[in-house]
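# Breakdown of the fold
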Amino acid sequence: QAPNVRRLASEIENLQGELVKSEVDQPKGEEDSVSDIANFVIPIETSGSEVPIFGLHGAGGSVLFYRETAKAFKGIHPFYGIEDPLVKNGSIDYLHQSVEEKARLYLEEIQKITRCSEIVLIGYSFGAVVATEIARIVENEMPDRKVIILNVDQPAKNVGSRVLKMHERMITAWHRFPYTSNLQR
């Protein structure tokens, strides 16, 4: 809640700096190495021994809104955000990608991080579309793996006299999802 655009830009840069700092400071697990993954895959929370969770960007391309959600899984599930490559790279090469091309690119990076039989995706907005395409590709081309998608593209729910925040909706949906209690590496 910045009083002007200049202050807001400064706060966004600080948040991005914190994410970059966390990329450097996080310990590397046996299956993942921050240096081996593309710069649009953001390791938000890498501690945890259970199946990693991947939060796919919405139409705006950023994954900063997943920070609070990732805190709920700290020490249990590693949590990675996948930003639109245009956000980090600004390369015209990514501008006209189809949903399938994005899905294949993201799946390639996901496979660098985990060899688990389950791939767990949280899709928000456009990210739910890409997550569905990743699931289609995995179903058709990788019969030994399965994709679990948590689609949080739902309207805000009222709890008592207040509206649940985005991360609260994600965590609530996660705990109500029947397959999440069985996820292990």
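Residues numbered from 1 in each chain as written. Predicted model: local features only at pLDDT ≥ 70, side-chain atom pairs only at ≥ 80, totals over all residues. Heavy atoms only, no water.

## Examining helix 4 (residues 99-113)
Every α-helix winds through 3.6 residues per turn, so residues three or four apart in the chain are directed the same way. Just so we agree on the cut-off: The numbering of helices and of strands both runs from the N terminus, where a helix is a DSSP run of H or I of at least 4 residues and a strand a run of E of at least 2. By definition here, a helix of n residues has an expected span of 1.5 Å times n minus one. Buried means the residue's accessible area, taken with a 1.4 Å probe over protein chains only, is under 20% of the maximum for its type, while exposed means over 50%, and partly exposed covers the values in between.
In a regular helix each residue adds 1.5 Å, so 15 residues correspond to 21 Å; helix 4 covers 21 Å between its end C-alpha atoms and thus fits that length. Taken together, the buried positions of helix 4 are Lys102, Ala103, Leu105, Tyr106, Leu107, Glu109, Ile110 and Ile113.

## Here we look at the environment of isoleucine 149
Structurally, the position occupied by isoleucine 149 is in strand 5 (residues 146-151). In this structure the C-alpha to C-alpha distance between isoleucine 149 and isoleucine 53, which are 96 residues apart in sequence, comes to 9.8 Å.

## Quick word on the pairing of strand 4 (residues 118-123)
Counted only if it meets this: When DSSP finds at least two bridges between two strands, those strands are taken to pair. Seen with the strands pointing away from the viewer, any crossover whose path from the first strand over the helix to the second strand runs clockwise is right-handed.
Across the six residues of strand 4, six count as buried, placing the element largely inside the fold. Here strand 4 shows no split at all, with Glu118, Val120 and Ile122 on one side and Ile119, Leu121 and Gly123 on the other all buried. For strand 2 (residues 53-56) and strand 4, the ladder comprises four bridges, and the chain directions are parallel. Residue pairing for strand 4: phenylalanine 54 is matched across the bridge by leucine 121. Across six bridges, strand 4 lies against strand 5 in parallel orientation. Counterpart to glutamate 118 in the pairing with strand 5 is lysine 146. This β-α-β element, strand 4 to helix 5 (residues 126-141) to strand 5, shows right-handed connectivity.

## Here we look at the sheet that holds strand 2
Note the threshold: Fitted lines through C-alpha atoms serve as axes, helices being fitted only where they are in contact, and the angles separating the N-to-C directions of these axes extend from 0 to 180 degrees. Between two residues, a contact is recorded if the distance between any of their heavy atoms is within 4.5 Å.
A sheet is described by the order of its strands in space; here five strands give the open sequence 1-3-2-4-5, paired in mixed fashion. Sheet topology places strand 1 (41-45) and strand 5 at the edges, where each strand pairs with a single neighbour. Taking each pair of neighbouring strands and ignoring which way they run, the sheet shows an average axis angle of 25°. For strand 2 and strand 3 (residues 79-82), the ladder comprises four bridges, and the chain directions are parallel. Residue phenylalanine 54 lies in a different strand from strand 3, and its bridge partner there is tyrosine 80. Along the sheet, helix 5 contacts strand 2, strand 4 and strand 5; its crossing angle with strand 5, the most-contacted strand, is approximately 165°.

## Points about the confidence of the model for the chain
Heads up, the condition is: Note on scores: pLDDT gives the predictor's confidence for each residue, bounded by 0 and 100.
Summarising the model, the chain shows a mean pLDDT of 75, and 58% of its residues fall at 70 or more. The spread of mean pLDDT over the elements of the chain runs between strand 6 (residues 158-159), the lowest at 53, and strand 3, the highest at 95. Between residues 20-34, whose pLDDT stays under 50, and residues either more than four places distant or in other chains, the model counts 22 contacts.

## Here we look at the pattern of salt bridges
Working definition: two side chains of opposite charge can pair if their charged atoms are close together. Note the cut-off: When a carboxyl oxygen of Asp or Glu is within 4 Å of a side-chain nitrogen of Lys or Arg, the pair counts as a salt bridge.
Using the criterion set out here, one finds seven salt bridges in the structure. Notably, a salt bridge pairs glutamate 100 with arginine 104, separated by 3.0 Å at the nearest N-O pair. Of this pair, glutamate 100 and arginine 104 both sit in helix 4, four residues apart, roughly one helical turn. Across the salt bridge formed by arginine 104 and glutamate 141, the nearest N and O atoms sit 2.6 Å from each other. Remark: glutamate 141 occurs in helix 5 and arginine 104 occurs in helix 4; sequence separation between them is 37 residues. Residue glutamate 141 is classed as partly exposed on the basis of its relative accessible area, which comes to 44%. Residues joined by salt bridges that share partners form a network here, namely Glu100, Arg104, Glu133, Arg136 and Glu141.

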